[in-house]
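# Examining the three-dimensional arrangement
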Amino acid sequence: MEEGRGIALKKFCCGLLFLSLIVLLAACGTVASTRSSSSSSITSDSLGRSVQFSPAPTPTSIPMLSIPSQITTPTPRIIPTSAPKPTPPPPPASNCITFSNDTTQVPPKNGGLGAPYGPSPVTTEAQQITGELFQLVNHDREACGLPPFAWNATLASGALLHSWNEYHCGLSHTCPDGMTQYQRIANEGFAGYPDCGENIALAGPYPTPWGGVYAVQESMAHEPLGGWHRIHLFSTTLHQIGIGVYVAPNGWLWFTEDMTS
């Protein structure tokens, strides 16, 4: 009886052991299938410990970005066929403004020139200063590209008489009898000329007689635009000149410049 129970107990234990073995194998299969889904592997190190390794992740492909290209359009270069020629500077305005004007259309009066004080005396000093003044006037004109005045003896004679008259009756174009410079010049034989002009001046002997005349003459040549002295000196329609200088006993100089076309 006891022997039968022992055999039955052994059978029961063997069955229980077999059942446990089946459960254990099923559990191992589940774990293996779960780990394989994560693509990991298990191995043992040198001490027999289990070590899990995960493979490197597969890189995700990055889509190519569409970047607009920036292309610089070159600026076209204009290459001149020849180098530009430099423009010459204009002449100084204070020296080289020229004028074209018709100053007289006055019919002349009958009769000669007024000479209530007689003819003008002539001195060597006055003649020398007259020549230097004539050269200075033409030098200023030539510096501005104008042709020089031509000397006219008839104009010079009338200019000298007027300087002599002014010494007695004052600095004036209408001295001594009210006749204008246009009428005087016309009466000298230039009645048919379309244009004429006159400059008159009084200069002190500073520091010399010529020094005084030079200073006054250049002040007339450089006076503001519109000044009649300057207009006459740089005229393009006046071509002849006569100059008369009278040196007074006190050293002062009276001079007249008469011009016609």
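Everything discussed here concerns the structure shown above.
Residues numbered from 1 in each chain as written. Predicted model: local features only at pLDDT ≥ 70, side-chain atom pairs only at ≥ 80, totals over all residues. Heavy atoms only, no water.

### Remarks on the side chain of asparagine 138
Residue position: asparagine 138 is located in helix 2 (residues 124-143). Asparagine 138 sits in the buried class, given a relative accessible area of 8%. Polar contacts involving the side chain of asparagine 138 include one to the main-chain amide nitrogen of phenylalanine 149, which spans 2.6 Å. In this structure, asparagine 138 is in contact with Pro148 and Phe149, ignoring residues within four places of it in sequence. (Helix = DSSP H or I, 4+ residues; strand = E, 2+ residues; numbered from the N terminus. Buried < 20%, exposed > 50% of the residue type's maximum accessible area, 1.4 Å probe, protein only. Polar contact = N/O pair within 3.5 Å; in protein donor to acceptor, adjacent residues only side chain to side chain. Contact = heavy atoms within 4.5 Å.)

### Some details on the packing of helix 3 (residues 153-169) against helix 4 (residues 181-190)
Direction vectors running N to C along helix 3 and helix 4 enclose 140°, while the axes themselves pass 10 Å from each other. Taken together, helix 3 and helix 4 sit at an angle that is classed as oblique. Considering only the axes of helix 3 and helix 4, their crossing is right-handed. Between helix 3 and helix 4, the residues in contact are Thr154, Leu155, Gly158 and His162 and Arg184, Ile185, Glu188 and Phe190, respectively. (Axes fitted to C-alpha atoms, helices over the stretch in contact; angles between N-to-C directions. Parallel < 35°, antiparallel > 145°, perpendicular 65-115°, else oblique. Left-handed = near helix turned anticlockwise from the far one by under 90°.)

### A few points about the pattern of salt bridges
For the structure shown, the criterion picks out one salt bridge. The partner of glutamate 198 in a salt bridge is arginine 184, and the shortest N-O contact between them spans 2.6 Å. Placement of the pair is glutamate 198 in strand 4 (residues 196-203) and arginine 184 in helix 4, with a sequence separation of 14 residues. Under the relative-accessibility criterion, glutamate 198 is labelled buried at 2%. Judged by relative accessible area, arginine 184 falls into the buried class, the value being 6%. (Salt bridge = Lys/Arg side-chain N within 4 Å of Asp/Glu carboxyl O.)

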